[in-house]
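# Examination of the molecular architecture
In case you want the letters, here they are:
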Amino acid sequence: MQVYPETIIFDLDGTLIDSVPAIRAALNSVFINEGVAELSLGQVKELVGFGAKWMVGEIIKLNNLDIGQERLEQIMQLYFTEYLRVSSEFTSVYDGVYDVLENLEGKGLKMAICTNKPGPTTMLVLESLGLDQFFQAVLTEDDVVHKKPDPRHVFDTIAALKGHVDRSVFVGDSETDMEAAERAGVKSVFVTYGYCHIKHSEITASQSIDSFRELPTAIKRISELNYL
């Protein structure tokens, strides 16, 4: 018997939205004052997915910057301020996202965001792009003690929807997402167009899609294969 899932958990950056241009603009605005050469889109793409604090820390480390804790906190605040200022201008929603989310909503599915992105920037982006209407829960890196790839981030997100692990599907674009899903025992859909940092052949997922518009079909396949 085919059983459609009750709960769909989504990553945000690289899955629903292309945020790299906005992140790049914010990082360059902040780090130009630290003597760091302008970061390219490719360089920023390699840094996305592990949280803002990790990303900023990597830039500091890669450029051998001598920055103490007080200055680090200032830089983080500058980054958040600048990102909030430019995000609506430089962030775009991937093709098919609105249509597919409306489709899934129409089936009565509960949907949530599970992201390593900070809380304030997550909420601003969701609201400014009109995506917040689709999600009953949003769990960012600020809302959990253990973030992805720790499976507890996934468990906490499912719990926020009063959902069940065996009736949930995780949709994400990176090795971090797929590892979190696998460790949580949740079936997954890997989107190939995002910010993955390893070869796609090394990714373990229940289904893979090249376009967000293929998601309903991927979920249907999961059901037909008795994954749920």
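For the structure itself, look to the data block above.
One structure accompanies this document, and this report is about it. Bear in mind that the values here come from a model prediction, so they are computed numbers and not experimental data. (Residues numbered from 1 in each chain as written. Predicted model: local features only at pLDDT ≥ 70, side-chain atom pairs only at ≥ 80, totals over all residues. Heavy atoms only, no water.)

Attention shifts here to unusual backbone geometry. Going from Lys148 to Pro149, the amide bond is cis rather than trans, its omega being 15 degrees. Within the element layout of this structure, Pro149 appears in the loop between strand S5 (137–139) and helix H7 (151–160). Here the phi dihedral of Asn64 falls at roughly 50 degrees; this positive angle occurs in a residue that is not glycine. Note on placement: Asn64 falls in the loop between helix H3 (52–62) and helix H4 (69–90). Unlike most non-glycine residues, Lys162 shows phi in positive territory, near 55 degrees. Structurally, Lys162 can be placed in the loop between H7 and strand S6 (168–172). (Helix = DSSP H or I, 4+ residues; strand = E, 2+ residues; numbered from the N terminus.)

The next thing to look at is the pairing of S6. With respect to burial, S6 is a largely interior element, five of its five residues being buried. Two strands pair when backbone bridges link them, and strand S1 (residues 7–10) and S6 are joined in this way by four bridges, in the parallel orientation. By the bridge assignment, Ile8 is partnered in S6 with Val169. In the sheet, S6 pairs with strand S7 (residues 187–191) via four bridges, with the strands oriented parallel. Bridging across to S7, Phe170 finds its partner in Ser188. What joins S6 to S7 is helix H8 (residues 175–184), and the crossover it makes is right-handed. (Buried < 20%, exposed > 50% of the residue type's maximum accessible area, 1.4 Å probe, protein only. Pairing = 2+ DSSP bridges. Right-handed = clockwise from strand over helix to strand, strands pointing away.)

Here the focus is the sheet that holds S6. The six strands lie next to each other as S5-S4-S1-S6-S7-S8, forming an open sheet whose pairing is parallel. Lying at the two open borders of the sheet, with one neighbouring strand each, are S5 and strand S8 (207–209). Neighbouring strand axes in the sheet, compared pairwise and without regard to direction, differ in orientation by 20 degrees on average. Bridging between S7 and S8 involves three bridges; their strand directions are parallel. By the bridge assignment, Val191 is partnered in S8 with Ile209. (Axes fitted to C-alpha atoms, helices over the stretch in contact; angles between N-to-C directions.)

On to the packing of aromatic side chains. For the coordinates displayed, the defined rule picks out six aromatic pairs. Pairing Tyr79 with Phe80 gives two aromatic rings, centres 5.8 Å apart and planes at 55 degrees, and the pair type is tilted. Pairing Tyr94 with Tyr193 gives two aromatic rings, centres 4.6 Å apart and planes at 55 degrees, and the pair type is tilted. With Tyr94 in the loop between strand S3 (92–93) and helix H5 (97–106) and Tyr193 in the loop between S7 and S8, this pair connects stretches of sequence that are 99 residues apart. With a relative accessible area of 17%, Tyr94 lands in the buried category. (Phe/Tyr/Trp six-rings, centres within 6.5 Å; stacked < 30°, edge-to-face > 60°.)

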